[in-house]
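Architecture at a glance
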Amino acid sequence: LLSEDDIKGIVDRLAAQITKDYENKQLLMVGILKGSMVFMADLMRKVKINTKIDFMSVSSYGSGTTSSGEVRIIMDLKSPVETYDVLLVEDILDSGATLHYLKQLLLQRNPKSIRIATLFDKPERRKADIRADYIGAVVPDEFIVGYGLDYAGKYRNLPYIGILKPYEINMEGFFQITENRLVIDGVNGEHIFLHVSDTHICVSDALSTADETDKAAKQEKAWDDVKRDFAHHFGEPFNPEHDIPST
């Protein structure tokens with residue numbers, strides 16, 4: 001959806017505006033963890049005035065793809081805000097529940113002012129009465145990942161912004177090659193371990209935790225899932241002695 005260069009341009013533009021607006025003010029940039037960490041790091045280095053930073057950690061998503069609307073404070077600010085102009089830095093403004101809650105919470109602590117900078121805005125999803133003062137880009141109503149944004153803890157380290165495919169959100173299996181094993185998580189609620197030897201795959205101890213009554217049926221369905229997910233992921237059929245595609 002957005003390349004590294006696109007993101008750099010967005011950050012440069014926002015930083016220039018923030019620098020201008022907060023000249024001669026006591027700026028406190030508050031990053032909302034974990035999603036804003038990459039954006040926060042890049043943005044604060046581009047802001048050309050003295051600034052203090054702090055972080056809050058909240059949760060409203062869990063492992064899903066839509067906001068639950070319930071906000072939990074996991075880590076609060078370490079600094080008082082009374083003498084500062086606070087800028088909340090967020091990765092994406094979605095339902096608005098999180099930022100609405102945080103803004104009201106911090107207003108009770110009497111900052112000089114409080115504004116919001118969001119890398120992305122998704123207005124179609126808005127439920128709370130909240131808007132950002134600085135917006136990097138308006139994005140479509142898709143689940144986006146990368147540059148700090150995640151799906152169930154994955155994809156934060158991508159240097160660009162991508163749209164998570166519905167298949168990847170809904171698929172029963174998730175592939176990961178680690179320690180000479182191709183691990184497929186979540187098939188029938190079990191873990192399937194396909195051992196990798198050289199560049200070949202063979203099945204070993206699949207569904208070993210299943211009881212004998214259900215084992216045959218579970219194993220048959222698991223293999224159907226494995227073949228389907230492998231073909232989807234690597235773009236070619238799977239068989240037990242198949243070379244692992246270089247991609």
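Since this is a predicted model, take the numbers as computed values, not measurements.

A few words on the confidence of the model for the chain. Detailed reading of the predicted model is not advised wherever pLDDT is low. Looking at the chain as a whole, the pLDDT averages 77, with 63% of positions reaching at least 70. Within the chain, the element-level pLDDT minimum falls on strand S12 (residues 200–203), averaging 37, and the maximum on helix H1 (residues 4–21), averaging 98. Note on residues 169–213: pLDDT is under 50 here. Beyond four places in sequence and across chains, it has 107 contacts.

Looking at the element boundaries, Ile32 is found in strand S1 (residues 27–33). Considering only alpha carbons, one finds Ile32 and Ser59, 27 residues apart in sequence, at a separation of 9.8 Å. Those residues in contact with Ile32 that lie beyond four places of it in its chain are Met56, Val58, Leu88, Val89, Glu90 and Leu102.

All right, on to the sheet that holds S1 then. Sheet architecture is open: 6 strands sit in the order S3-S2-S1-S4-S5-S6, paired in mixed fashion. The sheet is open, and its two edges are formed by strand S3 (72–75) and strand S6 (134–138), each paired on a single side. For this sheet, the mean angle separating the axes of adjacent strands, direction not counted, is 30 degrees. Pairing of strand S4 (residues 85–93) with strand S5 (residues 113–121) involves 8 bridges; the strand directions are parallel. For Leu87, the partnering residue across the bridge sits in S5 and is Arg115. Contacts between helix H2 (residues 37–46) and the sheet are confined to S1, strand S2 (51–59), S4 and S5, with S1 contributing the most and set at about 160 degrees to the helix. Together, S1, S2, S3, S4 and S5 form the strand contacts of helix H3 (residues 97–107), whose direction differs from that of S4 by roughly 170 degrees.

This paragraph deals with the packing of aromatic side chains. The description of an aromatic ring pair uses the distance of the two centres, along with the angle that the planes make with each other. The full count for this structure, using the stated rule, is 1 aromatic pair. A ring pair is formed by Phe143 and Tyr151, whose centres lie 5.9 Å apart and whose planes are at 80 degrees; its orientation type is edge-to-face. Here Phe143 matches Tyr151 in class, with each residue buried.

Calculation criteria
- Residues numbered from 1 in each chain as written.
- Predicted model: local features only at pLDDT ≥ 70, side-chain atom pairs only at ≥ 80, totals over all residues.
- Heavy atoms only, no water.
- pLDDT = per-residue confidence, 0-100.
- Helix = DSSP H or I, 4+ residues; strand = E, 2+ residues; numbered from the N terminus.
- Contact = heavy atoms within 4.5 Å.
- Pairing = 2+ DSSP bridges.
- Axes fitted to C-alpha atoms, helices over the stretch in contact; angles between N-to-C directions.
- Phe/Tyr/Trp six-rings, centres within 6.5 Å; stacked < 30°, edge-to-face > 60°.
- Buried < 20%, exposed > 50% of the residue type's maximum accessible area, 1.4 Å probe, protein only.

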